[in-house]
Amino acid sequence: MIEFADLSAVDMLRAFRSRELSPVEVTEAVIQRIALWEPSLKALYAYDPEGARIAAKESEGRWRRGEALPLDGVPCTIKENIATKGTAVPLGTAAMELSPAAADAPPAQRLREAGCVILAKTTMPDYGMLSSGLSSFHELARNPFDLSKNPGGSSAGAAAAGAAGYGPFHVGTDIGGSIRLPAGWCGLVGLKPSFGRVPIDPTYYGRVAGPMTRTVADAALMMRELSKPDERDPMSLPPQEIAWTDLEREPRGLRIGLQLEAGIGLVVEPEVRAAIAKAADAFRRAGAIVELAPPFLTQDMLDGLDDFWRQRAWAEIGALPRERQDKVLPYIYAWAERGRSLSGAQVHRGMSQMLAIRHAALKAAQPFDYVVSPVSPVPSFAAELASPLHDPERPFEHIVFTVAANMSDQPAISVHAGMTASGLPIGLQITGKRFDDLGVLQMARAWERLRGQGPEWPRVPPAQASLRA
């Protein structure tokens with residue numbers, strides 16, 4: 001029998017409605033799960049079990065009175081860099097001066113308004129600039145499938161929490177793969193929505209917030225709330241009525257591109273390649289037209305983006321007093337410091353590569369309804385490393401399948417594709433046309449059906465089973 005902490009949000013809400021379960025029971029089960037896991041995972045920041053208990057009791061009362069909110073009583077976590085009123089936002093780094101946030105940022109406010117029980121914030125690396133749980137402020141986050149491995153990042157704690165069963169809803173952010181990479185390495189569903197679909201504050205080029213869940217249906221429930229308008233985001237899309245929970249769609253007749261090479265970056269490992277090719281074959285057998293999609297990224301594109309992001313990071317770090325600079329994670333400091341010597345022309349050329357990536361990505365995607373690819377060329381890596389290469393001079397070799405969608409506004413989702421022989425998850429990325437967020441969710445749900453996954457899948461990770469024993 002599945003434990004309360006492992007229930008999907010869909011099943012929780014059904015059980016609350018029928019009075020089979022209460023939000024109080026579910027919240028207590030999740031708190032017990034956190035007590036089991038958190039000493040090993042280090043996924044949480046500003047954990048507030050007593051506040052969660054109070055919120056769950058209030059939710060229970062609303063259900064009894066017939067006044068339930070859309071997501072009433074469902075436990076959730078929110079990534080540390082998404083402000084919640086009264087909690088400091090350190091951005092993963094010990095260099096930040098801590099002061100309580102004055103208000104909830106839009107994603108946190110939407111979930112609170114919908115009745116979610118907010119358990120905690122989740123950990124992230126310094127400034128969100130690593131695909132890792134390594135941080136100068138937070139303790140080292142680890143992967144529930146193998147505690148010696150990395151959960152990925154920068155939504156590190158969110159991925160670890162999701163895989164370990166800290167409730168069904170987790171919010172991450174993504175500017176180059178920071179939702180999809182950790183979701184892929186932790187066996188989750190992670191949606192990077194179209195740019196502007198989910199209002200966010202502060203805004204930045206390519207930066208989005210989105211759901212990290214165990215099922216596609218739960219991600220759709222979150223999007224129904226997260227996508228509601230908020231005027232604090234001047235780059236958000238106009239409000240649109242989208243049938244987020246209408247997920248039934250067949251792949252038959254759709255043109256799907258299979259991209260197994262990014263053109264640059266790390267070589268795709270054989271087990272990853274085989275899992276993605278198998279997924280494409282499943283879509284083909286379901287009636288889709290599957291053709292190879294060529295690589296389109298160039299080294300100039302990746303290097304230019306690296307220059308621009310380094311200079312952006314140094315503009316913030318370099319302005320700090322020396323004593324605070326010394327608190328920045330050494331890897332991040334070494335990476336950002338090179339931005340000090342970049343000329344204005346170099347920074348301009350670097351920023352121009354964002355448009356170059358955008359044009360190349362949209363041109364490559366044009367012949368297809370959807371493109372499937374690896375999320376990452378490699379499975380998860382040692383927990384103590386900043387990235388698979390752990391080299392600040394080659395920091396983005398592993399984001400070559402994810403970063404383009406941030407520059408092109410396209411929605412892209414990570415779904416579980418299979419396991420390596422050593423028991424590590426492999427992520428499948430499905431990328432759609434600009435603003436076709438619902439279509440991407442529908443294709444991800446179609447993939448769940450093709451795999452024969454039940455609503456509660458994925459099951460408890462092996463590392464958790466050993467902790468229980």
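Residues numbered from 1 in each chain as written. Predicted model: local features only at pLDDT ≥ 70, side-chain atom pairs only at ≥ 80, totals over all residues. Heavy atoms only, no water.

Chemist: Mind laying out unusual backbone geometry, listing which residues take part and the relevant values?
Modeler: Backbone phi values are negative for most residues with the exception of glycine, while trans is the configuration of most peptide bonds. Omega for the peptide link from glycine 153 to serine 154 comes to 10 degrees, which places this bond in the cis form. Tracing the backbone through its elements, the reader meets serine 154 in the loop between strand S3 (117-122) and helix H5 (156-164). Cis geometry is found at the peptide bond from aspartate 201 to proline 202, where omega equals 5 degrees. Mapped onto the elements, proline 202 comes out in the loop between strand S5 (189-192) and strand S6 (208-213). A positive phi is found at lysine 42, a non-glycine position, where the angle reads about 55 degrees. Lysine 42 gets classed as partly exposed once you look at its relative accessible area, which sits at 23%. In this structure, phenylalanine 435 takes a positive phi of about 75 degrees despite not being glycine. Take phenylalanine 435: its relative accessible area is 33%, and that puts it in the partly exposed class. (Helix = DSSP H or I, 4+ residues; strand = E, 2+ residues; numbered from the N terminus. Buried < 20%, exposed > 50% of the residue type's maximum accessible area, 1.4 Å probe, protein only.)

Chemist: Kindly report on the layout of surface pockets, identifying the contributing residues and their values.
Modeler: Its boundaries defined by the atoms lining it, the largest pocket holds a volume of some 570 Å³. Taken together, 28 residues make up the lining of the largest pocket; nearest its centre are Asn81, Leu91, Tyr127, Arg207 and Arg312. Put simply, the parts of the chain that give the lining of the largest pocket at least two residues each are strand S4 (169-174) and helix H9 (299-317). A per-element tally of the lining of the largest pocket places H9 first, with five residues. Of the residues contributing to the lining of the largest pocket, the split by class is 14 nonpolar, six polar and eight charged. Estimates place the volume of the second largest pocket at around 340 Å³. As for the second largest pocket, its lining consists of 21 residues, and the residues nearest its centre are Asp48, Gly51, Arg112, Ile118 and Leu119. Those elements that provide at least two residues to the lining of the second largest pocket are helix H3 (49-65) and S3. For the lining of the second largest pocket, the leading source of residues is H3, giving six residues. Grouping the constituent residues of the lining of the second largest pocket by class yields nine nonpolar, five polar and seven charged. (1 Å grid on protein atoms, 1.4 Å probe; cavity = no way out; pocket = protein on both sides within 12 Å on 5 of 7 lines; lining within 4 Å. Points joined across faces, edges and corners; volume = space filled by probe spheres on them. Nonpolar A, V, L, I, M, F, W, Y, C, P; charged D, E, K, R; others polar.)

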